[in-house]
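Analysis of the macromolecular model
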Amino acid sequence: MKRIKNLIEKCKELAFDLNFKRAKEWKAKENNRILVGHMPVYFPREIVHAANGMTVGIYGVGDRKQIIKGDAYYQSYICRIPRGIIELALDKHFDGIDGFIFPAICDVIRNLSGMFQILEKGKFVSYFDLPQNFQPEIGGTFYKSEIEHVLEAIKKINKAEVTTEALNNSIELYNINRRLIKNIYDKREKFPWRLTAEEVYYLVRAGLVIPVEEHNEILEAVSDFIREEIGEPMDKIKILVSGSFCEQPPVGLIKTIENAGCYIVEDDFMLGSRWIQGDIDADTDDPLNALVEAYLTQSTFSSSVYDIDNPKEARLIELAKQRNVDGIIFASPSFCDPALLDIPIYEKACDDINLRYISIQYAENTGQFKNIKEQVGAFSDSIKLWGEEVTAD
Amino acid sequence: MSSATKQRAEVNKERSMILQKEMAGKLFKDLSTAKETGKKVVYTFVPGNLSELIHAFDLIPVYPEINALQSGMRKKSGDYIREAEKYGHSEDVCTYVKCDIGMMLKGNIGPTGEKIPDPDLLLLSYTGCFTFLKWFESLEDLYPNVEIAMLHTPYQKDGEITGEMTQYMVKQLKEEVIPKMEKVSGIKYDEDKLKGILENSVKTENLIVDIFDTPKNVPSPIDAYFAGVYYIGPINIGFRGTPEAVNYYQELYKEILERAEKGLGPVTPEGEIEEERFRLVVEGPPNWTSFREFWKLFYDLGAVIVASTYTKVGGVYDMGFRHDPNRPLESLAEYCMNCYTNLNLPQRIDLLEKCITEYHADGFLVNSIKSCNSFSAGQLLMMRTLEEKLEIPVGFIESDLVDPRYFSYANIKNRLESFFQMLEQRKLIIE
């Protein structure tokens, strides 16, 4: 028990280490190792790993750093996450990180890539244009060229020749990583009292800033630990949280939701770590193609993707049913066009099957949760009191 | 009457203005009778619009953001936005989207008072604005069985268009967009017809470049922002590639050249500007709900906009791009990737620098729009970079596209007056 508590405490420290100490230590141990920072939501980290690199998830500063300079770079009506990232860049927290990847999600993150170019941060800055076309010959070919573009940028720095064997190995390590995370979520679906959502958050977020091999060890230890009964079930409803895939909710918000009568058994925090559903072929002559294929056919749904033939509202409802949740909390960052513009579509889909939901907005540095606690508490009570009226199938 | 404008009993309508009105009138007439005539309707967006392809299939375009800005100018957008917010949309999100959705929820009545027909095709060529993608997801929700064609335009992340980017788009055009257009219109793709249309586009684009180059004259014969948004009207509502557009721009250019030869300044709603006191380059879209009041704040003090980035959202032609009838699909792809908000920030800065330098601007002004992150995110750094590089006075104001709640007249007036004072002082020092 003590070991697990220590592990979680370690993950908590790592998750919010804004100096990325562990990653920099890893890099310092060998010449030609490189660090590549990436923003949310999804980036195929396998390719960096195979090129003798390590990815560093840059997911904002939360409530851990006061923003002073960052506010001078953004108007009041733009979300919080880029302010913190610029603040970190200007305060030299990213020194030692060789390149930066800005995956396609919204105009703010896209333009942040241009700001990094102007400020000359890192040895390369790359907007990662995830295709919205899912045909192998069209979107697949383009996606492969995007991956190759990143590999070329890395090669210019460390001269890494990425072999098939290395890529297969990296793919397998991340397969294990996703499997272990999924196992923890699956276990929590049935026994959410064995780990809190806050603890799971630290566990998964830490994985963004440490070597995947180390993260897998931690996840394995935790998976073993929650195999057996611990803790006491409480009279709470099970819910899914949606909308927090980019700017992260403050930990206080996660705690508040769970303290107000809910178990969060599904969420989209750090969605990129769980983006690919299932394993990617790790025993292939063409591992880049395996990564491409996985993106085209095994991606989860997200507000950053418009898959015309596979509507996200249907997939959200399917996920809610799989996880057997009592309701959904749409928790979106203020001024987040992708998340907020999806809400009416999602709400309509929930209404169609009489699945309960509420919507709340936050910023990564929100510090007051009284109103949210009351709102979530009322939501939880209403489901507990009148839950039999709900038909989620 | 302002001090800087010459009084006129009535502003005479130039022939180009009459032509433009006739063109817009015909478009809306075609739309209102589409069901009777059997013509199919395609909803699409201004940046990266595939006008030539739309004409090649005899489709009629509807531009939701044009509807939104017209609703703003007709003072209807406030109600529409509230309607969308009642429907569940957050106060925080793009007001073009909300205005459009509100308008549809209220019956989709267009500027002529007639209902805009439902779409037969949603053509999502999302260029330079991620929110377009979300917008069409919302439209799909309102029109659940409509055909959708997606054209993903890669971003010019490294300030260039690569072969992979062009090929990606051409493949999408061939295998996704054109088949959907054939299906909806019942017309086979005819490349020769497209080439003929593209020839008109080239003529139009040459004229547009010439027109927006006339501010090299002192005084500038045009205001490249407030009047500029009218000048780009025909190409932004689907007329690029038509003989009507060529005719309109020829007429407009002729009128502007006449003004330049006579040494006249721009025409405003209250007459022509008598004295050009400040020459500005403006970044960002205008406010539509108080467009006239906004413009008046400038012309009252003799401020003329000699170049604006907003007039380049539907295409950047002054860096050399032209549609190419010999490479029809490739050039459509390159056009999409060349729209202003699809340029990366260093490219945008370079373009602004060119405008400031070539048009001898006294100052650079950002109108930062709450609704438009595509424009707004990064503007403060762009402004600072230009200020340091060119040692030019910079100004910053904030408003919104079509949400009247975000147009603070007094605040903007105050900031502009301070900015103009700064320009005045600088002129005195330089002289």
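Data block above holds the structure.
These numbers come from a predicted model, not from an experiment.

**Brief notes about the overall build of chain A**
Across its full length, chain A carries 14 helices and 8 strands. For a compact globule of 393 residues, the expected C-alpha radius of gyration is about 21 Å, and chain A comes in at 20 Å, within 12% of that figure. In terms of overall dimensions, chain A has C-alpha extents of about 65 × 50 × 50 Å along its principal axes. By residue count, 53% of the 393 residues in chain A fall in the buried class. Excluding contacts between residues fewer than 6 apart, the proportion of contacts in chain A whose partners are at least 24 apart in sequence is 77%.

**Let's talk about the environment of Trp26(A)**
Residues and elements named next belong to chain A. Structurally, the position occupied by Trp 26 is in helix H2 (residues 21-28). C-alpha of Trp 26 to C-alpha of Gly 139: the two residues are 113 residues apart in sequence and 35 Å apart in space. Apart from the residues lying within four places of it in its own chain, the contact partners of Trp 26 are Arg 33, Met 54 and Pro 211.

**A few points about the nonpolar core**
Ranked by internal contacts, the top residues of the largest apolar core, which has 263 residues, are Leu203(A), Ile239(A), Leu124(B) and Val281(B). Broken down by element, the residue count for this core peaks at 8 residues, all from helix H8 (residues 163-185) of chain B. Look past the residues within four positions of Leu124(B) in its chain and what remains in contact with it is Phe132(B), Leu133(B), Phe136(B), Ile148(B), Ala149(B), Met150(B) and Leu151(B).

**Some remarks on helix H9 (residues 191-213) of chain B**
All names here are of chain B. Over its 23 residues, H9 runs 33 Å from end to end, which matches the ideal 33 Å to within 8%, given 1.5 Å per residue. Those residues of H9 not exposed but buried are Leu 194, Ile 197, Leu 198, Asn 200, Ser 201, Thr 204, Glu 205, Leu 207, Ile 208, Ile 211 and Phe 212. Looking at the buried side of H9, the elements it contacts are helix H3 (51-56), helix H10 (228-231), helix H11 (233-236), helix H12 (243-261) and helix H14 (328-337).

**Let's talk about the sheet that holds strand E8 (residues 303-308) of chain B**
Each strand in a sheet pairs with another by means of backbone hydrogen bonds, the pair being arranged parallel or else antiparallel. Residues and elements named next belong to chain B. What the 4 strands build is an open sheet, ordered E8-E7-E9-E10; its pairing is parallel. Every other strand in the sheet has two partners, leaving E8 and strand E10 (394-399) as the edge strands with one partner each. Shown here is a sheet whose adjacent strand axes are inclined to one another by a mean of 30°, direction ignored. Note that strand E9 (residues 363-369) and E10 share 6 bridges and pair parallel. Within E10, the residue paired with Leu 365 across the bridge is Gly 395. Together, strand E7 (278-283), E9 and E10 form the strand contacts of helix H17 (residues 379-390), whose direction differs from that of E9 by roughly 175°.

**Quick look at the interface of chain B and chain A**
Between chain B and chain A, the contact holds 42 residues from the first and 39 residues from the second. Sorting elements by how many residues they give to the side of chain B that touches chain A places helix H7 (residues 130-142) of chain B first, with 7 residues.

**Topic: the sheet that holds strand E5 (residues 237-242) of chain A**
Residues and elements named next belong to chain A. On the basis of which strands lie adjacent, the open sheet formed by 4 strands has the order E6-E5-E7-E8 and parallel pairing. The sheet is open, and its two edges are formed by strand E6 (262-266) and strand E8 (356-362), each paired on a single side. On average, each strand axis in the sheet is tilted by 35° relative to the strand beside it, whichever way the strands run. Strands E6, strand E7 (327-333) and E8 of the sheet are contacted by helix H10 (residues 251-259), whose axis makes an angle of about 120° with E6.

**Re unusual backbone geometry**
The step from Pro40(A) to Val41(A) runs through a cis peptide bond, and the omega angle for that step is 5°. Relative to the assigned elements, Val41(A) resides in the loop between strand E1 (34-38) and helix H3 (46-50). Residue Pro219(B) follows Val218(B) across a cis peptide bond; omega there is 0°. Within the secondary structure layout, Pro219(B) lies in the loop between H9 and H10.

What counts, and where the lines are drawn
- Residues numbered from 1 in each chain as written.
- Chains lettered and ligands numbered in written order.
- Predicted model: local features only at pLDDT ≥ 70, side-chain atom pairs only at ≥ 80, totals over all residues.
- Helix = DSSP H or I, 4+ residues; strand = E, 2+ residues; numbered from the N terminus.
- Rg over C-alpha atoms; globule rule 2.2 N^0.38 Å.
- Buried ≥ 20, exposed ≤ 12 C-beta atoms within 10 Å, placed from the backbone.
- Contact = placed C-beta atoms within 7 Å.
- Core = buried A, V, L, I, M, F, W, Y, C linked by C-beta atoms within 7 Å.
- Expected span 1.5 Å × (residues − 1).
- Pairing = 2+ DSSP bridges.
- Axes fitted to C-alpha atoms, helices over the stretch in contact; angles between N-to-C directions.

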